[in-house]
Amino acid sequence: MQSLSLLTWGTSGWLDELTFAAGLTFLIALAGFALGALFGALAATAKLSRSRFARGAADVYTTVLRGIPDLLVIYLFYFGGSAALSSIAGLFGYTGFVGMPAFVTAALAIGIVNGAYQAEVLRGAYLAIPKGELEAAKACGMSDWIRLRRIIVPQVLRFALPGLGNVWQLVLKESALVAVIGLTVHLPAIDVFQLFTLPEVRFNDLLRQAHVAAGSTRLPFIFYLTAGAFYLLLTTLSYAFFQRAEKRALVGLRRA
């Protein structure tokens, strides 16, 4: 019962910290997924292009990023980015260490990795579009932009939704890896309309917050189990969202 009392809201419990940490984890995953959509769309376009160089570069990107551990990518971005920023700062006379922002590192690393997976999903979705629809659009005199907006993008999203849902679930779980770089977001104290002051707040990602709570209370099992419950809640809600999106995307289509 004493351990359960630690999972309460307020100064005597850790539930509020874990809840805010789950929100930060969701934001990290969302930012990484959005960047991954950008990288994936560019890579998929390159794979489908007529340029041999573009296809080769996209193949190297997807092969390498899907072949090395995600944790290694996070380390490379964090330490490599910090070294690059320190070198740039040195050009302006600064001799100290400039660290790569942890949130930026996490979003970029996750985005680069899952972009390789999204590229294959989007490429497969494009190839699933019936060629007759594209040929009919050309025969009707549609421009490339109109054909892209009215036919290609809606059809690609429709066919890609199941795969993108799987990639999103992976992104949510990959977000736990950013705990190794000590992701912490600081919100400074602010004076709201000079009426009252909100104190400074520090947010950790979910796994790191569970680690902090476990170290402070020496009850690791209860807090890691609670973190697992938060991750399961996020993935369950995400699954329900994508299921609903898939059903809505299939409205009006004849089922075999």
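The structure under discussion appears in the preceding block.
Residues numbered from 1 in each chain as written. Predicted model: local features only at pLDDT ≥ 70, side-chain atom pairs only at ≥ 80, totals over all residues. Heavy atoms only, no water.

(A) Representation of the overall build of the protein in the model. Summing up its helical and strand segments, the protein has nine helices and four strands in all. Reading the protein from its N terminus to its C terminus gives the helix and strand order α-α-α-α-α-α-α-β-β-β-β-α-α. Taken across its 256 residues, the protein has 37% of its residues classed as buried. Put simply, of all contacts in the protein between residues at least 6 apart along the chain, 67% involve residues at least 24 apart. (Helix = DSSP H or I, 4+ residues; strand = E, 2+ residues; numbered from the N terminus. Buried < 20%, exposed > 50% of the residue type's maximum accessible area, 1.4 Å probe, protein only. Contact = heavy atoms within 4.5 Å.)

(B) Up close: the packing of helix α2 (residues 15-48) against helix α7 (residues 144-174). Contact geometry for α2 and α7: axes closest at 9 Å, N-to-C directions at 135°. Classified by the angle between their axes, α2 and α7 sit oblique to one another. Both α2 and α7 take part in a crossing whose hand is right-handed. The segment α2 lies against α7, with Phe 26, Ala 29, Leu 30 and Phe 33 engaging Leu 164, Val 167, Trp 168, Val 171 and Leu 172. (Axes fitted to C-alpha atoms, helices over the stretch in contact; angles between N-to-C directions. Parallel < 35°, antiparallel > 145°, perpendicular 65-115°, else oblique. Left-handed = near helix turned anticlockwise from the far one by under 90°.)

(C) Seen up close, the side chain of Ser 238. On the secondary structure map, Ser 238 appears in helix α9 (residues 220-249). Given a relative accessible area of 8%, Ser 238 falls into the buried group. A distance of 2.7 Å separates a polar side-chain atom of Ser 238 from the backbone oxygen of Leu 234. (Polar contact = N/O pair within 3.5 Å; in protein donor to acceptor, adjacent residues only side chain to side chain.)

(D) Representation of the pattern of salt bridges within the structure. A full pass over the atoms with the stated rule returns four salt bridges. For the salt bridge of Lys 47 with Glu 120, the shortest nitrogen-to-oxygen distance reads 3.1 Å. On the criterion of sequence distance, the pair formed by Lys 47 in helix α2 and Glu 120 in helix α5 (residues 102-127) is long-range, its members being 73 residues apart. Each member of the pair, Lys 47 together with Glu 120, is buried. Linking Glu 120 and Arg 123 is a salt bridge whose minimum nitrogen-to-oxygen distance equals 3.1 Å. Of the two residues, Glu 120 and Arg 123 both sit in helix α5, three residues apart, roughly one turn of that helix. Assessed through its relative accessible area of 29%, Arg 123 is described here as partly exposed. Bridged by salt links that share partners, the residues Lys 47, Asp 59, Arg 66, Glu 120 and Arg 123 form one connected network. (Salt bridge = Lys/Arg side-chain N within 4 Å of Asp/Glu carboxyl O.)

(E) Expanded view of helix α8 (residues 206-217). Helix length check: α8 (twelve residues) gives 16 Å between terminal C-alpha atoms against 16 Å at 1.5 Å per residue, within 8%. Taken together, the buried positions of α8 are Leu 206, Gln 209, Ala 210, Ala 213 and Ala 214. The arc enclosing the buried residues of α8, seen along the axis, measures out at 135°, which places them on a common side. Counted as exposed and oriented over 90 degrees from the buried face of α8: Gly 215 and Ser 216. One side-chain oxygen of the residue at the start of α8 lies 3.3 Å from the amide nitrogen of Leu 207, identifying that residue as Asp 205. Downstream of α8 by one or two residues, Arg 218 has phi in the positive range, about 60°. (Expected span 1.5 Å × (residues − 1). Arc of directions from axis to C-beta.)

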